[in-house]
Each structure stands twice: as C-alpha cells, then as structure tokens.
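Below are the chains, spelled out letter by letter.
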Amino acid sequence: MTKVLTDARSIRIKGRSFLAVMLSPDLPFDDWLVRLDDLAARSAGFFLGRPVVLDVGDLQIDRAQLKGLIAELAQRNVSIMGIEGCRPSMIGPGMPPALKGGRPVSDFEVPQQEPVIDVRAAQPEAVEARPALQSIVIREPIRSGQSLIFPEGDVTVIGSVASGSEIIAGGSVHIYGTLRGRAMAGSVGNTSARIFCRKLEAELVAIDGIYKMAEDIAPNLRGQPVQLWLEGESIKAEKLI
C-alpha cells in the first residue's frame, strides 16, 4: 500500500549575514604559520569562536598543499568555515566548502533610523552594531569580553575600552577614553582608516589587516593621546597635540 503524504509541512529557510575573519596566507606556508603563531601567542583567544574564511585566490597551490594548510590551522584551533579563490576540483572530502561572492560590507539596505545595539548574554558577551548609519556613537564603556562590530563605517566610543574587549570597524575608530583592549579599523579594506584614542594602552591595534601588538608600540606613546594610520604595510603612530 502506498501512503500519500497530504499534510506537507514547509521548511523555513532564512538568510543571515555574519562578519567573518579573512585569512590570506602567503607562501611559503611555514613562514606564514610562524607569524600566525606569533599573533596568537601575543593575543590569546584571537581566533577562538570566530568564523574564519581562507582566501587562497593569489596562491599557486594544489589540493595536497591546501589540505595540509587546513590541517595546520586546525591544530591551532582555527576552524575554517569556507575557502575562497580556489577551483572546485581542489575541494576534497572532509574539506570546507568553496565560497564566492563575498562582500566586504553588509548585504542589507541601510535604513534611515538609529542603529540598534544588541547586547547578547552568550560568552564571550558580544555587542553587535547592526547596519544603519555610516557612523555610530557608543555612549558607554566597552567592558572586558565584549565585541563591538560595525563594518559599515566609523565607531566612536564615549568612554574607555577595557582589556579583553575589542572594536572592529569598517572605518575609523575614535575612543574618548583609554584604549586597553583591541581596536581594528578599516576591516573591509579601508586603508585610509585611522585609530584615535585619548590614552593608548592597547593590547592590539590593526588597520586593514595590518596589526601591531602592545610590545611593538613605542614606549613614549604608552599612556598618551595617540593617532595611528597605515603607510604601505606598516602602522604609523604619533602623539596628538
């Protein structure tokens, strides 16, 4: 006997966008992994719980090399959610899927309304700035464990940024207090982005993916009002007058 299913239930499919970290390795991989280990050692937990996309579009490698690189990253607890820039034939069983069409900014239209700040209870606690205007102003300190993410433009914090917290902005970062955590400006490829703070005590600063750790910052700039910008492949810094 054939049973006819008459009470079909729909499957709900929703679209959702997430901000992922893009890793663009260089050859030889051994040297690049040494630099990655250095970043991870000096900024513990940087990749923990983050979606990561591996960009290999500029590399001449085969499937075995790609698979080996993914294995090396897995040993470092870097979980790759997808691979961009590779041929489908390079993706073997058990490897992350190939991705294409990624955008440096949100797919959402920008509504004419105030930005919405969503404070989540999950650990680590996250503060996500949803797409709205081309700049946002946060009128409270950023606490340890919080992440403030706004790829659409500039972020201004009226207060301090605690150690163990971070700000990721598509534009510039302005902090009217002490920067003790991590500040990443130009996250969508904006090389003209800058970081400004009233008192520099940062764990890490980055502009367009180029980073500088706390011990790399000149001692005479620690505790001072500072601006940072990108020149070529290095971050420059000077005291604000």
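Residues numbered from 1 in each chain as written. Predicted model: local features only at pLDDT ≥ 70, side-chain atom pairs only at ≥ 80, totals over all residues. Heavy atoms only, no water.

A. Inspection of the sheet that holds strand S1 (residues 21-23) at higher detail. Taken together, the four strands give an open sheet; going across it, the order is S1-S2-S3-S4, and neighbouring strands pair in parallel fashion. The open sheet is flanked by S1 and strand S4 (98-99), the only strands paired with a single partner. Two elements, strand S3 (residues 80-84) and S4, share two bridges in a ladder whose sense is parallel. Within the sheet, the bridge partner assigned to Ile83 lies in S4 and is Ala98. The sheet strands contacting helix H2 (residues 63-75) are strand S2 (52-55) and S3, and the helix crosses S2 at an angle near 150°. (Pairing = 2+ DSSP bridges. Helix = DSSP H or I, 4+ residues; strand = E, 2+ residues; numbered from the N terminus. Contact = heavy atoms within 4.5 Å. Axes fitted to C-alpha atoms, helices over the stretch in contact; angles between N-to-C directions.)

B. Local environment of the confidence of the model for the protein. Chain-level pLDDT for the protein is 78 on average; 74% of the residues reach the 70-or-more range. Ignoring residues within four places in sequence, the model shows residues 105-133, a span with pLDDT below 50, making 57 contacts including any to other chains. (pLDDT = per-residue confidence, 0-100.)

C. Spotlight on the sheet that holds strand S11 (residues 173-179). Ordered by their spatial adjacency, six strands build an open sheet running S7-S9-S11-S13-S16-S17, and the pairing between neighbours is mixed. Of all the strands in the sheet, the pair left with one neighbour each is strand S7 (135-138) and strand S17 (234-239). Taken over all neighbouring pairs, the strand axes of this sheet differ in orientation by 25° on average, direction set aside. With three bridges joining them, strand S13 (residues 195-200) and strand S16 (residues 226-231) adopt antiparallel strand pairing. Residue pairing for S16: Ile195 is matched across the bridge by Leu228.

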